[in-house]
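Survey of secondary and tertiary structure
Single-letter residue listing:
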Amino acid sequence: MAEKKQKNEDRSAASYYNLKTDAVERLVNAKDAPEVSDKEIREYTAKRKFRLPMWLKIVLVKFWFAGAVCYFFLWGLGIYLHGLDLMLVLAIGLGLVTDLMVNRFLRNFETEKGENDKWMMVTVRKFWSVFLNVLYAAVLLYCVFQTYYTANVLMGVNPNVDSTQEEGMLGVEPILFGLLYLGFDILFIFVKRTLINIFRDAREKAAGTRK
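The structure reproduced in this document is the subject of the present report. (Residues numbered from 1 in each chain as written. Predicted model: local features only at pLDDT ≥ 70, side-chain atom pairs only at ≥ 80, totals over all residues. Heavy atoms only, no water.)

Some details on the overall build of the chain
The helix and strand tally for the chain stands at 6 helices and 0 strands. Helices and strands appear in the chain in the N-to-C order α-α-α-α-α-α. Relative to its 211 residues, the chain shows a buried fraction of 25%. The long-range fraction of contacts in the chain, counting pairs at least 24 apart against all pairs at least 6 apart in sequence, stands at 67%. (Helix = DSSP H or I, 4+ residues; strand = E, 2+ residues; numbered from the N terminus. Buried < 20%, exposed > 50% of the residue type's maximum accessible area, 1.4 Å probe, protein only. Contact = heavy atoms within 4.5 Å.)

Structure follows, in structure tokens:
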């Protein structure tokens, strides 16, 4: 009796695994299976846990690196360099960091290629993109320091004197510098995207009228 029961269990187990094997083979050999993107695969395979939204990650990365450049370059080299020399070094540092680090982080965050290009002013991936990022950083730097200058004038402080001689002067420090740099960066990128969309719509309308 026991032997018969054991044979029945072995037989049912064998049929169960045969069924599973057949199902796997059918799935593997399926020719008409729909393609699934990497983004969908990550959504189903990733564990359910709290995640920062993409825009917040990008904003934090841009802000942190801008503040870090201010700390290490402006504060670190401020006792050795002054005026245009310091601004040139700052622009080069910000451009290099943007090209080699910030944009690389943004691309690593992508679930699809080119997804975060909308957050970059320079989207090309060539060796000469670093020069464009340095020029762009110089423009942002000019806007940031003009903001400091204007704020000090509005507060009735003379920005042309040394900060140690003028009380109440709004000085340059990493947090506010990072926020201002980030703000102008997002503003310029928004203007760029708006202009691209305008020209694209105009070109599509022109192409439609020709037809």
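Re empty space enclosed by the protein
Tallied over the full model, the rule gives 1 cavity of 30 Å³ or more. When its volume is computed, the largest cavity comes out at roughly 160 Å³. Lining of the largest cavity is provided by 18 residues; of these, Lys62, Thr98, Val102, Tyr181 and Asp185 occupy positions nearest its centre. Elements that contribute at least two residues to the lining of the largest cavity include exactly helix H3 (54-77), helix H4 (83-108), helix H5 (129-154) and helix H6 (174-210). If one sorts the elements of the lining of the largest cavity by residue count, H4 sits on top with 5 residues. (1 Å grid on protein atoms, 1.4 Å probe; cavity = no way out; pocket = protein on both sides within 12 Å on 5 of 7 lines; lining within 4 Å. Points joined across faces, edges and corners; volume = space filled by probe spheres on them.)

Considering the nonpolar core
With 26 residues, the main nonpolar core has Leu94, Val102, Leu106, Leu141, Val144, Phe177 and Tyr181 as its most contacted residues. Listed by contribution, the elements that provide at least two residues to this core are H3, H4, H5 and H6. Filtering out sequence-adjacent residues up to four positions away, Tyr181 remains in contact with Ala66, Leu94, Thr98, Ala137, Leu140, Leu141 and Val144. (Core = buried A, V, L, I, M, F, W, Y, C linked by side-chain atoms within 4.5 Å.)

Some remarks on the packing of H3 against H4
Where H3 meets H4, the closest approach of the two axes is 10 Å, and the angle between their N-to-C directions is 150°. Relative to H4, the element H3 is oriented roughly antiparallel. Of the two possible hands of crossing, H3 and H4 adopt the one that is right-handed. Of the residues in H4, those touching H3 at Ile58, Val61, Lys62, Phe65, Ala66, Val69, Phe73, Leu74 and Leu77 are Leu86, Val89, Leu90, Gly93, Leu94, Val97, Met101, Val102, Phe105 and Leu106. Classifying every residue of the contact of H3 with H4 gives 17 nonpolar, 1 polar and 1 charged. (Axes fitted to C-alpha atoms, helices over the stretch in contact; angles between N-to-C directions. Parallel < 35°, antiparallel > 145°, perpendicular 65-115°, else oblique. Left-handed = near helix turned anticlockwise from the far one by under 90°. Nonpolar A, V, L, I, M, F, W, Y, C, P; charged D, E, K, R; others polar.)

Here we look at the packing of aromatic side chains
Under the defined criterion, the tally for this structure stands at 8 aromatic pairs. Judged by centre distance (5.1 Å) and plane angle (90°), the rings of Trp64 and Phe65 are edge-to-face. You can call Trp64 exposed: its relative accessible area is 54%. Aromatic side chains Tyr136 and Phe188 sit 6.4 Å apart centroid to centroid with 90° between the ring planes, which places their arrangement in the edge-to-face category. You can see Tyr136 sitting in helix H5 and its partner Phe188 sitting in helix H6, a full 52 residues away along the chain. Linked through ring pairs, Phe145, Tyr148, Phe177 and Tyr181 together constitute an aromatic cluster. When the ring centre of Phe109 is taken as reference, the NZ or CZ atom of Lys57 above it lies at 5.5 Å. (Phe/Tyr/Trp six-rings, centres within 6.5 Å; stacked < 30°, edge-to-face > 60°. Lys NZ or Arg CZ within 6 Å of the ring centre and 35° of its normal.)

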